[in-house]
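As a plain string of letters, each chain reads:
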Amino acid sequence: MALVGTTGTVVAAASIAALLSYFLFCSNYRSKSSSTKKKSKSRTGLVDAIGNTPLIRINSLSDATGCEILGKAEFLNPGGSVKDRVAVKIIEEALGSGELARGGVVTEGSAGSTAISLATVAPAYGCKCHVVIPDDVAIEKSQTIEALGATVERVRPVSITHRDHYVNVARRRALEANEVASKQRKSKQTDAEDIERINGYESEGGKQSSVFSSDCKGGFFADQFENLANFRAHYDGTGPEIWEQTGGNLDAFIAAAGTGGTIAGISRFLKGKDANIKCFLVDPPGSGLFNKVTRGVMYTKEEAEGRRLKNPFDTITEGIGINRLTQNFMMAELDGAFRGTDMEAVEMSRFLLKNDGLFLGSSSAMNCVGAVRVAQSIGPGHTIVTILCDSGMRHLSKFCNSQYLSDHGLTPTASGLEFLGLR
């Protein structure tokens, strides 16, 4: 009966408790909502979405080696690769220096990824893109570049010393674009016949009249191999991100090199933070960088025996390996190098797809081969970082094509990591 007498009090107390609970809920909700908003701050435009990619633990390789093997997931950039960072840095520095103007054309000789990134990024700066690409790269790369609105010029693979090497052709196209712009500026003062030569250079404009429109604002050769904006993109961006994401707790970094910008920028930054961090190169068949790092001489065994081929890159990997020293690569601080084979890269790509759900391209797979080699070299209990440059979506016709691999004797057969001596 006493309970009946206190009903009003109980109800009032219950109401107050309910109100307190409600206000506490609202307060917590607003706090969480505010916190969520801060964490999910929107990025301004395409360019702001480049970088700050996740650093992911590659579970299968970590468990197999006893090391923490981490991959920087650069394939999550808007343009699909690590080269997005380079494209932004090159264009921004060129615009800042006045070498490139809005409405101008960025030209580049590329095996694919840098070209795709430039074609992706250039419109965000009001620029156009013209790409010269070897005709033996995976067809989906040139198709992607064209779909992005860039013009694509395919040339046969030749030595860098040949005037028609894709890099040299791209350099000439920038000169031609500048001549088109120059003619436009002078057209009101000079007859067209008087400006066939500019600064002593005779243009091939007559042959290439369809390449650049008459309203072109000039050209700029991106020059990814020698332009140190490439190095700076990783010294200023990728390297600091890795340092922050690991809390400075890493023991080694490894990557392959093409232009050399990635491995140079990251290695120099990390060693500037901690000289004890070991930085390594992994090099594919046909490249001379392994010998340069380990022996100080830029040659391969085949070259030493006088059997160098006209096209020395006897590898299925794309975008890595080179037989000359670039300005970017010379900025690298390396402790050693490892060799990787095509078969190891193919097997690694299939292993990671099966065990981790990672669908990676050839250079990413080679980097992971290198990460395992480092783990085997320094032993368990260490943290090793590498770069997952791009996905397998750019390699469907070659590296990820069963028939192509079969034709080249590269059909994968491993069930585990036995191809690297692990069971």
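Residues numbered from 1 in each chain as written. Predicted model: local features only at pLDDT ≥ 70, side-chain atom pairs only at ≥ 80, totals over all residues. Heavy atoms only, no water.

Basically, it comes down to this: UniProt positions are given in the numbering used here, feature names are shortened, and annotations may be inferred rather than shown by experiment.
The name an unreviewed UniProt entry gives the protein chain is cysteine synthase, with Rhododendron griersonianum as the organism. Under the heading Sequence similarities (unreviewed entry), UniProt records this for the protein chain: "Belongs to the cysteine synthase/cystathionine beta-synthase family." Check the Cofactor (unreviewed entry) section of the UniProt entry for the protein chain; it says "pyridoxal 5'-phosphate".

### A look at helix α7 (residues 139-147)
Let me state the cut-off plainly: Residue burial is assigned from relative accessible area. The probe radius is 1.4 Å, only protein chains are included, and a residue is buried under 20% of its type maximum, exposed over 50%, and partly exposed in between. Per the convention used, a helix needs a DSSP run of H or I reaching at least four residues, while a strand needs a run of E reaching at least two, with both numbered from the N terminus. Two residues form a contact once any of their heavy atoms are found within 4.5 Å.
Where α7 is concerned, the buried positions are E140, K141, S142 and I145. Each element contacted by the buried residues of α7 is listed here: α6 (113-121), β4 (128-134) and β5 (151-155). Where α7 ends, the next residue or the one after it, G149, has phi of about 100 degrees, a positive value.

### Some remarks on the packing of helix α13 (residues 342-356) against helix α14 (residues 362-378)
Defined as follows: A fitted line through C-alpha atoms serves as each axis, taken over the contacting stretch for helices, and the angle formed by two N-to-C directions is quoted from 0 to 180°. When describing relative orientation, an angle under 35 degrees is termed roughly parallel and one over 145 degrees roughly antiparallel, while 65 to 115 degrees is termed roughly perpendicular and anything else oblique. Gly falls in the polar group here, along with every residue not listed as nonpolar (Ala, Val, Leu, Ile, Met, Phe, Trp, Tyr, Cys, Pro) or charged (Asp, Glu, Lys, Arg).
Packing of α13 against α14 brings their axes to within 8 Å, and their N-to-C directions diverge by 95 degrees. As judged from the angle between their axes, α13 and α14 are roughly perpendicular. Contacts between α13 and α14 involve E344, A345, M348, S349 and L352 from the former and S362, A365, M366, C368, V369, V372 and R373 from the latter. The class makeup of the residues in the contact of α13 with α14 is 8 nonpolar, 2 polar and 2 charged.

### Things to note about the pattern of salt bridges
Under the convention used in this document: Salt bridges are defined by distance alone: a side-chain nitrogen of Lys or Arg within 4 Å of a carboxyl oxygen of Asp or Glu.
Tallied over the entire structure, the rule returns 18 salt bridges. Of the charged contacts, one joins R85 and E74 as a salt bridge, the two residues approaching to 2.6 Å between their closest N and O atoms. Taken together, the residues span a long stretch of sequence, with R85 in helix α5 (residues 83-97) and E74 in the loop between β2 (68-73) and α5 at a distance of 11 residues. On the basis of relative accessibility, which here comes to 7%, the residue R85 falls in the buried class.

### Section: the packing of aromatic side chains
Short version of the rule: Put simply, two rings from Phe, Tyr or Trp (the six-membered ring, in Trp's case) pair if the centres are within 6.5 Å, and we call them stacked under 30 degrees between planes, edge-to-face over 60, tilted for the rest.
Summed over all chains, the structure comprises 3 aromatic pairs. When the centroid spacing of 5.6 Å and the interplanar angle of 25 degrees are considered together, the rings of F231 and Y235 count as stacked. Of the two residues, F231 and Y235 both sit in helix α9 (residues 229-246), 4 residues apart, roughly one turn of that helix. Relative accessible area serves as the criterion here: at 8%, F231 is assigned to the buried category. Accessibility expressed as a relative area gives 33% for Y235, which makes it partly exposed.

### Here we look at unusual backbone geometry
Positive phi, close to 50 degrees, is recorded for N52, a residue that is not glycine. N52 gets classed as exposed once you look at its relative accessible area, which sits at 54%.

### Re the sheet that holds β5
This is how it is decided: Two strands pair under a simple rule: DSSP has to find at least two bridges between them.
Taken in spatial order, the 4 strands make up an open sheet running β5-β4-β3-β8, and their pairing is parallel. The open sheet is flanked by β5 and β8 (219-221), the only strands paired with a single partner. Pairs of neighbouring strands in the sheet enclose a mean axial angle of 20 degrees, with direction left out of account.

### Observations concerning the packing of α6 against α7
Rule in force here: Should the near helix be turned counterclockwise from the far one by less than a right angle, the crossing is left-handed, whereas a clockwise turn marks it as right-handed.
The interhelical angle for the contact between α6 and α7, taken along N-to-C directions, is 15 degrees, at an axis separation of 9 Å. When the axes of α6 and α7 are compared, the pair comes out roughly parallel. α6 and α7 meet at a crossing whose hand is left-handed. Taken together, the residues of α7 that come into contact with α6 (itself represented by A115, I116 and A119) are K141, T144 and I145.

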